[in-house]
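Chain by chain, the residues:
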Amino acid sequence: MKISTRLVHGHKGVDKETGAVSFPIYQSATFRHPGLNQTTGYDYSRLQNPTREELENTIASLENGTTGFAFSSGMAAISTALSLFVPGDHIIVSDDLYGGTYRLFEEMYKKYGIEFSYLDTSNIDNVKTAVKKNTKALFIETPSNPIMKVTDIAAAAELARSSGILTIVDNTFLTPYYQRPIELGADIVLHSGTKYLGGHNDTLAGLIVVKNEELAARIKLIQKTEGAMLAPFDSWLILRGIKTLSVRMDRQQKNAAEVANWLRSNNNVERVYYIGLEDHEGYEISKRQASGFGAMISFSVKDASLVEKVLERIRLVLFAESLGGVESLITYPMVQTHSAIPAEMRERLGVDEKLLRLSVGIEAAEDIIADLEQALE
Ligand SMILES: *Cc1c(COP(=O)(O)O)cnc(C)c1O
(Lines give C-alpha, C1' and ligand atoms only; values in the text may rest on other atoms or scores of the structure.)
Protein backbone atom coordinates (compact mmCIF):
# COMPACT_ATOMS: atom_id res chain seq x y z
CA MET A 1 0.00 0.00 0.00
CA LYS A 2 1.11 3.55 -0.70
CA ILE A 3 2.42 5.59 2.20
CA SER A 4 -0.38 8.18 1.92
CA THR A 5 -2.86 5.34 2.57
CA ARG A 6 -0.83 3.90 5.43
CA LEU A 7 -0.66 7.33 7.07
CA VAL A 8 -4.44 7.44 7.30
CA HIS A 9 -5.01 3.92 8.58
CA GLY A 10 -2.18 3.54 11.11
CA HIS A 11 -1.18 0.13 12.47
CA LYS A 12 -4.38 -1.36 13.92
CA GLY A 13 -6.42 1.67 12.91
CA VAL A 14 -9.95 0.71 13.87
CA ASP A 15 -10.51 -0.53 17.44
CA LYS A 16 -11.32 -4.25 17.15
CA GLU A 17 -13.65 -4.43 20.11
CA THR A 18 -15.95 -1.50 19.36
CA GLY A 19 -15.26 -0.60 15.76
CA ALA A 20 -14.25 2.93 16.82
CA VAL A 21 -12.67 4.56 13.77
CA SER A 22 -10.68 6.93 15.95
CA PHE A 23 -8.28 4.78 17.96
CA PRO A 24 -9.34 4.97 21.64
CA ILE A 25 -7.41 6.90 24.25
CA TYR A 26 -6.60 4.39 26.97
CA GLN A 27 -6.34 6.84 29.82
CA SER A 28 -5.28 4.22 32.35
CA ALA A 29 -2.09 4.07 34.38
CA THR A 30 -2.45 0.41 35.23
CA PHE A 31 -4.11 -2.77 33.94
CA ARG A 32 -5.77 -5.61 35.85
CA HIS A 33 -3.99 -8.96 35.78
CA PRO A 34 -6.32 -11.86 34.88
CA GLY A 35 -4.46 -14.03 37.43
CA LEU A 36 -1.06 -14.82 38.88
CA ASN A 37 1.63 -14.65 36.21
CA GLN A 38 -1.02 -13.63 33.70
CA THR A 39 -1.22 -10.44 31.66
CA THR A 40 -3.42 -8.93 28.96
CA GLY A 41 -0.20 -7.70 27.39
CA TYR A 42 -0.57 -4.46 29.33
CA ASP A 43 0.60 -4.11 32.93
CA TYR A 44 1.44 -0.49 33.63
CA SER A 45 1.47 2.45 31.22
CA ARG A 46 5.15 3.20 31.65
CA LEU A 47 5.77 -0.25 30.16
CA GLN A 48 2.96 -0.45 27.60
CA ASN A 49 -0.12 1.59 26.79
CA PRO A 50 -2.42 0.66 23.89
CA THR A 51 -2.73 4.20 22.50
CA ARG A 52 1.00 4.85 22.69
CA GLU A 53 1.61 1.42 21.21
CA GLU A 54 -0.61 2.23 18.23
CA LEU A 55 1.48 5.35 17.61
CA GLU A 56 4.74 3.42 18.11
CA ASN A 57 3.69 0.68 15.69
CA THR A 58 2.45 3.24 13.19
CA ILE A 59 5.70 5.22 13.10
CA ALA A 60 7.76 1.99 12.98
CA SER A 61 5.86 0.84 9.93
CA LEU A 62 6.02 4.25 8.22
CA GLU A 63 9.79 4.41 8.72
CA ASN A 64 10.17 0.76 7.74
CA GLY A 65 11.91 -0.12 11.00
CA THR A 66 11.25 -2.97 13.41
CA THR A 67 10.12 -1.00 16.44
CA GLY A 68 8.95 2.49 17.38
CA PHE A 69 9.02 4.39 20.67
CA ALA A 70 7.13 7.53 21.69
CA PHE A 71 8.42 10.13 24.13
CA SER A 72 7.21 13.29 25.81
CA SER A 73 9.29 15.51 23.50
CA GLY A 74 11.82 15.36 20.71
CA MET A 75 14.54 16.10 23.23
CA ALA A 76 13.43 13.16 25.41
CA ALA A 77 13.74 10.91 22.34
CA ILE A 78 17.21 12.22 21.50
CA SER A 79 18.31 11.89 25.11
CA THR A 80 17.10 8.29 25.15
CA ALA A 81 19.11 7.49 22.03
CA LEU A 82 22.18 9.06 23.63
CA SER A 83 21.77 6.80 26.67
CA LEU A 84 22.97 3.95 24.43
CA PHE A 85 26.50 5.29 24.83
CA VAL A 86 29.01 5.08 27.66
CA PRO A 87 31.88 7.25 28.92
CA GLY A 88 34.76 7.25 26.45
CA ASP A 89 32.53 6.90 23.38
CA HIS A 90 32.92 9.40 20.55
CA ILE A 91 30.06 10.66 18.37
CA ILE A 92 30.36 12.56 15.09
CA VAL A 93 27.59 15.14 14.71
CA SER A 94 26.34 17.38 11.87
CA ASP A 95 27.62 20.85 12.77
CA ASP A 96 24.49 22.65 11.62
CA LEU A 97 21.82 21.23 13.91
CA TYR A 98 18.95 22.01 16.20
CA GLY A 99 20.29 24.17 19.04
CA GLY A 100 18.61 22.09 21.73
CA THR A 101 20.41 18.98 20.51
CA TYR A 102 23.74 20.78 20.68
CA ARG A 103 22.91 21.92 24.23
CA LEU A 104 21.92 18.38 25.26
CA PHE A 105 25.22 17.01 24.01
CA GLU A 106 27.43 19.79 25.37
CA GLU A 107 25.70 20.48 28.70
CA MET A 108 24.62 16.96 29.62
CA TYR A 109 26.34 14.11 27.81
CA LYS A 110 29.79 15.67 27.61
CA LYS A 111 29.69 15.80 31.39
CA TYR A 112 29.12 12.03 31.41
CA GLY A 113 32.28 11.48 29.38
CA ILE A 114 30.92 11.25 25.83
CA GLU A 115 33.01 13.07 23.26
CA PHE A 116 31.48 14.96 20.31
CA SER A 117 32.95 16.22 17.04
CA TYR A 118 30.83 18.69 15.07
CA LEU A 119 31.49 18.85 11.37
CA ASP A 120 29.88 19.37 7.99
CA THR A 121 28.50 15.88 7.30
CA SER A 122 27.30 16.99 3.85
CA ASN A 123 30.93 16.37 2.91
CA ILE A 124 31.49 12.65 3.52
CA ASP A 125 35.27 13.07 3.45
CA ASN A 126 34.98 15.15 6.62
CA VAL A 127 33.28 12.22 8.32
CA LYS A 128 35.86 9.76 7.03
CA THR A 129 38.76 11.68 8.52
CA ALA A 130 36.96 12.23 11.85
CA VAL A 131 36.41 8.54 12.61
CA LYS A 132 38.50 7.38 15.57
CA LYS A 133 38.94 4.09 17.43
CA ASN A 134 36.28 5.08 19.97
CA THR A 135 33.76 6.49 17.46
CA LYS A 136 30.42 4.80 18.11
CA ALA A 137 27.88 6.87 16.23
CA LEU A 138 27.25 9.32 13.44
CA PHE A 139 24.43 11.74 14.28
CA ILE A 140 22.98 13.42 11.21
CA GLU A 141 20.38 16.09 10.72
CA THR A 142 19.38 16.38 7.06
CA PRO A 143 18.31 18.78 5.77
CA SER A 144 20.11 20.61 8.54
CA ASN A 145 18.71 23.30 10.72
CA PRO A 146 18.75 26.19 9.77
CA ILE A 147 21.21 26.23 6.84
CA MET A 148 19.53 23.31 5.01
CA LYS A 149 22.67 21.37 4.22
CA VAL A 150 21.94 17.93 2.78
CA THR A 151 23.86 14.85 3.86
CA ASP A 152 23.94 11.79 1.60
CA ILE A 153 22.38 9.32 4.04
CA ALA A 154 23.26 6.16 2.08
CA ALA A 155 26.91 7.20 1.69
CA ALA A 156 27.17 8.20 5.36
CA ALA A 157 25.51 4.99 6.55
CA GLU A 158 27.74 2.91 4.31
CA LEU A 159 30.85 4.55 5.73
CA ALA A 160 29.53 4.13 9.27
CA ARG A 161 28.67 0.48 8.78
CA SER A 162 32.11 -0.32 7.41
CA SER A 163 33.60 1.18 10.59
CA GLY A 164 31.14 -0.49 12.97
CA ILE A 165 29.43 2.80 13.80
CA LEU A 166 25.70 3.43 14.29
CA THR A 167 24.00 5.92 11.99
CA ILE A 168 21.37 8.06 13.72
CA VAL A 169 19.24 10.44 11.64
CA ASP A 170 17.01 13.23 12.91
CA ASN A 171 14.24 13.04 10.29
CA THR A 172 12.05 15.82 11.72
CA PHE A 173 12.18 18.11 8.65
CA LEU A 174 11.10 15.62 5.97
CA THR A 175 9.23 12.91 7.93
CA PRO A 176 8.78 9.35 6.62
CA TYR A 177 6.34 10.70 4.05
CA TYR A 178 9.28 12.20 2.11
CA GLN A 179 12.38 10.47 3.49
CA ARG A 180 12.99 7.08 5.15
CA PRO A 181 16.57 6.89 6.47
CA ILE A 182 16.35 3.22 7.55
CA GLU A 183 15.72 2.24 3.93
CA LEU A 184 18.92 4.13 3.11
CA GLY A 185 20.96 2.22 5.69
CA ALA A 186 20.49 4.19 8.92
CA ASP A 187 20.12 2.32 12.23
CA ILE A 188 18.06 4.77 14.26
CA VAL A 189 15.62 7.49 13.20
CA LEU A 190 14.57 10.31 15.52
CA HIS A 191 11.71 12.79 15.34
CA SER A 192 10.38 15.77 17.08
CA GLY A 193 6.74 14.73 16.63
CA THR A 194 5.91 18.25 17.77
CA LYS A 195 6.56 19.43 14.23
CA TYR A 196 5.09 17.90 11.01
CA LEU A 197 3.80 14.64 12.50
CA GLY A 198 1.60 16.44 15.04
CA GLY A 199 1.22 19.27 12.57
CA HIS A 200 -0.99 21.65 14.53
CA ASN A 201 1.38 23.37 16.94
CA ASP A 202 -0.56 21.91 19.86
CA THR A 203 1.45 18.93 21.20
CA LEU A 204 5.02 18.10 22.19
CA ALA A 205 6.21 14.62 21.25
CA GLY A 206 9.31 12.68 20.29
CA LEU A 207 9.77 9.41 18.42
CA ILE A 208 12.46 6.82 17.84
CA VAL A 209 12.43 4.05 15.25
CA VAL A 210 15.14 1.38 15.16
CA LYS A 211 16.05 -1.03 12.43
CA ASN A 212 16.56 -4.24 14.42
CA GLU A 213 15.46 -6.14 17.51
CA GLU A 214 18.78 -5.75 19.29
CA LEU A 215 18.52 -1.94 19.27
CA ALA A 216 14.82 -2.21 20.09
CA ALA A 217 15.56 -4.14 23.29
CA ARG A 218 18.16 -1.59 24.36
CA ILE A 219 15.88 1.40 23.69
CA LYS A 220 12.91 -0.32 25.38
CA LEU A 221 14.97 -0.79 28.53
CA ILE A 222 15.89 2.89 28.61
CA GLN A 223 12.34 4.05 27.81
CA LYS A 224 10.66 1.99 30.54
CA THR A 225 13.40 2.71 33.05
CA GLU A 226 13.80 6.45 32.55
CA GLY A 227 10.09 7.12 32.07
CA ALA A 228 10.02 9.93 29.50
CA MET A 229 7.27 8.32 27.42
CA LEU A 230 4.36 10.05 25.72
CA ALA A 231 0.98 10.27 27.48
CA PRO A 232 -2.06 8.50 25.96
CA PHE A 233 -3.88 11.69 24.96
CA ASP A 234 -0.79 13.19 23.34
CA SER A 235 -0.18 9.88 21.55
CA TRP A 236 -3.69 10.15 20.16
CA LEU A 237 -3.09 13.74 19.00
CA ILE A 238 0.03 12.65 17.10
CA LEU A 239 -1.85 9.71 15.58
CA ARG A 240 -4.55 12.10 14.46
CA GLY A 241 -1.94 14.46 13.02
CA ILE A 242 -0.28 11.65 11.06
CA LYS A 243 -3.56 10.89 9.27
CA THR A 244 -3.36 14.20 7.38
CA LEU A 245 0.43 14.34 7.01
CA SER A 246 0.49 13.78 3.26
CA VAL A 247 -2.02 16.49 2.36
CA ARG A 248 -0.45 18.98 4.74
CA MET A 249 3.08 18.35 3.56
CA ASP A 250 2.20 18.42 -0.13
CA ARG A 251 0.45 21.74 0.34
CA GLN A 252 3.21 23.15 2.54
CA GLN A 253 5.83 22.09 0.03
CA LYS A 254 3.94 23.66 -2.86
CA ASN A 255 3.63 26.90 -0.86
CA ALA A 256 7.30 26.75 0.12
CA ALA A 257 8.43 26.52 -3.50
CA GLU A 258 6.40 29.62 -4.35
CA VAL A 259 7.60 31.51 -1.30
CA ALA A 260 11.26 30.55 -1.92
CA ASN A 261 11.08 31.75 -5.52
CA TRP A 262 9.41 34.96 -4.49
CA LEU A 263 11.97 35.62 -1.73
CA ARG A 264 14.73 35.19 -4.27
CA SER A 265 13.31 38.01 -6.34
CA ASN A 266 13.02 40.41 -3.40
CA ASN A 267 15.56 43.21 -3.29
CA ASN A 268 15.88 43.12 0.48
CA VAL A 269 16.73 39.41 0.50
CA GLU A 270 20.36 38.43 0.09
CA ARG A 271 20.19 34.66 0.02
CA VAL A 272 17.56 31.92 0.13
CA TYR A 273 18.21 28.43 1.49
CA TYR A 274 15.63 25.94 0.25
CA ILE A 275 16.57 22.42 -0.85
CA GLY A 276 13.91 22.46 -3.57
CA LEU A 277 15.73 25.21 -5.50
CA GLU A 278 17.60 23.64 -8.40
CA ASP A 279 20.81 25.49 -7.67
CA HIS A 280 20.84 24.38 -4.02
CA GLU A 281 24.01 22.41 -3.32
CA GLY A 282 22.05 19.42 -2.03
CA TYR A 283 19.37 19.42 -4.74
CA GLU A 284 20.55 16.30 -6.59
CA ILE A 285 21.13 14.26 -3.42
CA SER A 286 17.72 15.34 -2.14
CA LYS A 287 16.07 14.15 -5.33
CA ARG A 288 17.80 10.81 -4.97
CA GLN A 289 17.15 10.11 -1.31
CA ALA A 290 13.81 11.83 -0.66
CA SER A 291 10.52 12.11 -2.50
CA GLY A 292 9.99 15.74 -1.45
CA PHE A 293 11.82 18.88 -0.38
CA GLY A 294 9.65 19.85 2.57
CA ALA A 295 8.65 23.36 3.55
CA MET A 296 11.51 24.79 5.57
CA ILE A 297 13.20 27.88 4.18
CA SER A 298 15.91 30.07 5.64
CA PHE A 299 16.82 33.42 4.16
CA SER A 300 19.17 36.22 4.95
CA VAL A 301 18.13 39.82 4.60
CA LYS A 302 20.46 42.40 3.01
CA ASP A 303 20.79 44.43 6.15
CA ALA A 304 20.60 43.21 9.75
CA SER A 305 18.53 46.25 10.69
CA LEU A 306 15.69 44.78 8.64
CA VAL A 307 15.27 41.81 10.98
CA GLU A 308 13.65 43.74 13.79
CA LYS A 309 11.31 45.49 11.34
CA VAL A 310 10.27 42.25 9.70
CA LEU A 311 9.56 40.55 13.02
CA GLU A 312 7.54 43.55 14.18
CA ARG A 313 5.54 43.99 10.98
CA ILE A 314 4.82 40.37 10.18
CA ARG A 315 1.17 39.55 10.88
CA LEU A 316 -0.21 36.44 9.17
CA VAL A 317 3.11 34.62 9.50
CA LEU A 318 3.54 34.24 13.24
CA PHE A 319 6.79 35.22 14.94
CA ALA A 320 7.09 32.08 17.04
CA GLU A 321 9.44 29.21 17.69
CA SER A 322 8.82 25.73 16.24
CA LEU A 323 7.93 24.54 12.75
CA GLY A 324 5.96 22.05 10.71
CA GLY A 325 2.45 23.06 11.75
CA VAL A 326 -0.39 24.34 9.58
CA GLU A 327 0.37 27.95 10.58
CA SER A 328 3.35 29.64 8.92
CA LEU A 329 5.94 30.59 11.52
CA ILE A 330 9.05 32.74 11.35
CA THR A 331 11.97 32.51 13.76
CA TYR A 332 15.25 34.28 14.31
CA PRO A 333 17.64 31.33 14.84
CA MET A 334 20.51 33.37 16.27
CA VAL A 335 18.48 34.44 19.30
CA GLN A 336 15.91 31.62 19.45
CA THR A 337 16.47 28.02 18.34
CA HIS A 338 20.24 28.38 18.07
CA SER A 339 21.08 30.60 21.01
CA ALA A 340 22.87 27.67 22.69
CA ILE A 341 25.41 27.43 19.84
CA PRO A 342 28.62 29.36 20.53
CA ALA A 343 28.95 32.61 18.51
CA GLU A 344 32.11 31.43 16.77
CA MET A 345 30.44 28.25 15.54
CA ARG A 346 27.28 30.11 14.51
CA GLU A 347 29.28 32.61 12.48
CA ARG A 348 31.17 29.85 10.71
CA LEU A 349 27.89 28.18 9.75
CA GLY A 350 26.24 31.40 8.65
CA VAL A 351 23.65 31.48 11.43
CA ASP A 352 24.13 35.22 11.84
CA GLU A 353 22.21 38.40 12.64
CA LYS A 354 20.76 38.49 9.12
CA LEU A 355 19.30 34.98 9.00
CA LEU A 356 15.60 34.22 9.44
CA ARG A 357 13.93 30.83 9.26
CA LEU A 358 10.49 30.27 7.83
CA SER A 359 8.24 27.26 8.33
CA VAL A 360 5.69 27.53 5.55
CA GLY A 361 2.15 26.55 6.53
CA ILE A 362 -0.97 25.60 4.58
CA GLU A 363 -2.42 29.12 4.12
CA ALA A 364 -2.82 30.47 0.58
CA ALA A 365 0.69 31.09 -0.78
CA GLU A 366 -0.32 34.53 -2.09
CA ASP A 367 -1.32 35.62 1.41
CA ILE A 368 1.96 34.41 2.90
CA ILE A 369 3.85 36.25 0.18
CA ALA A 370 1.78 39.42 0.61
CA ASP A 371 2.56 39.39 4.33
CA LEU A 372 6.28 38.91 3.73
CA GLU A 373 6.20 41.63 1.09
CA GLN A 374 4.74 44.27 3.40
CA ALA A 375 7.11 43.20 6.20
CA LEU A 376 10.20 43.39 3.99
CA GLU A 377 9.38 46.75 2.42
C1 LIG B 1 12.22 20.80 17.53
C2 LIG B 1 13.31 19.89 17.15
C3 LIG B 1 13.87 19.03 18.09
C4 LIG B 1 13.42 19.02 19.53
O5 LIG B 1 12.13 18.54 19.67
P6 LIG B 1 11.12 19.00 20.86
O7 LIG B 1 9.86 18.29 20.50
O8 LIG B 1 11.02 20.49 20.80
O9 LIG B 1 11.72 18.54 22.13
C10 LIG B 1 14.87 18.18 17.66
N11 LIG B 1 15.31 18.18 16.39
C12 LIG B 1 14.79 19.01 15.46
C13 LIG B 1 15.31 18.97 14.06
C14 LIG B 1 13.77 19.89 15.81
O15 LIG B 1 13.28 20.73 14.90
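Residues numbered from 1 in each chain as written. Predicted model: local features only at pLDDT ≥ 70, side-chain atom pairs only at ≥ 80, totals over all residues. Heavy atoms only, no water.

### Examining the environment of Tyr274
Here Tyr274 lies in the loop between strand 8 (269-273) and helix 11 (283-289). Judged by relative accessible area, which is 2%, Tyr274 ranks as buried. Placed 194 residues apart in sequence, Tyr274 and Thr80 show a C-alpha to C-alpha distance of 31 Å. Contacts of Tyr274, omitting those with residues within four sequence positions, involve Gln253, Ala256, Ala257, Ala260, His280, Phe293, Gly294, Ala295, Met296 and Ile297. One polar contact links the side chain of Tyr274 to the main-chain carbonyl oxygen of Gly294, over a distance of 2.7 Å. (Helix = DSSP H or I, 4+ residues; strand = E, 2+ residues; numbered from the N terminus. Buried < 20%, exposed > 50% of the residue type's maximum accessible area, 1.4 Å probe, protein only. Contact = heavy atoms within 4.5 Å. Polar contact = N/O pair within 3.5 Å; in protein donor to acceptor, adjacent residues only side chain to side chain.)

### A closer look at the sheet that holds strand 6 (residues 188-192)
Hydrogen bonds between backbone atoms are what pair the strands of a sheet, whose relative direction is either parallel or antiparallel. Taken in spatial order, the seven strands line up as 1-7-6-5-4-2-3 in an open sheet, and their pairing is mixed. Two strands close off the open sheet at either side, each with one partner strand: strand 1 (67-71) and strand 3 (115-119). Mean inter-strand twist for the sheet, computed between neighbouring axes without regard to direction, equals 20°. As paired elements, strand 6 and strand 7 (residues 206-210) share five bridges and run antiparallel to each other. Across the sheet, Leu190 pairs through a bridge with Ile208, a residue of strand 7. Running over the sheet, helix 4 (residues 99-109) touches strand 2 (90-94), strand 3 and strand 4 (135-141) and is turned about 150° from strand 3. Packed on one face of the sheet, helix 8 (residues 213-226) meets strand 1, strand 5 (166-170), strand 6 and strand 7 and runs near 20° to strand 1. (Pairing = 2+ DSSP bridges. Axes fitted to C-alpha atoms, helices over the stretch in contact; angles between N-to-C directions.)

### Observations regarding the pairing of strand 12 (residues 355-359)
Along any regular strand the residues' side chains alternate between the sheet's two faces. Within strand 12, five of the five residues are buried, which leaves the element mostly enclosed by the surrounding structure. Where burial is concerned, the two faces of strand 12 agree: the one with Leu355, Arg357 and Ser359 and the one with Leu356 and Leu358 are both buried. As paired strands, strand 9 (residues 296-301) and strand 12 are joined by five bridges and run antiparallel to one another. Among the inter-strand pairings, Ser300 is bridged to a residue of strand 12, identified as Leu355. In the sheet, strand 11 (residues 329-331) pairs with strand 12 via three bridges, with the strands oriented antiparallel. By the bridge assignment for strand 12, Ile330 is matched with Leu358.

The values are spatial; any link to function lies outside them.
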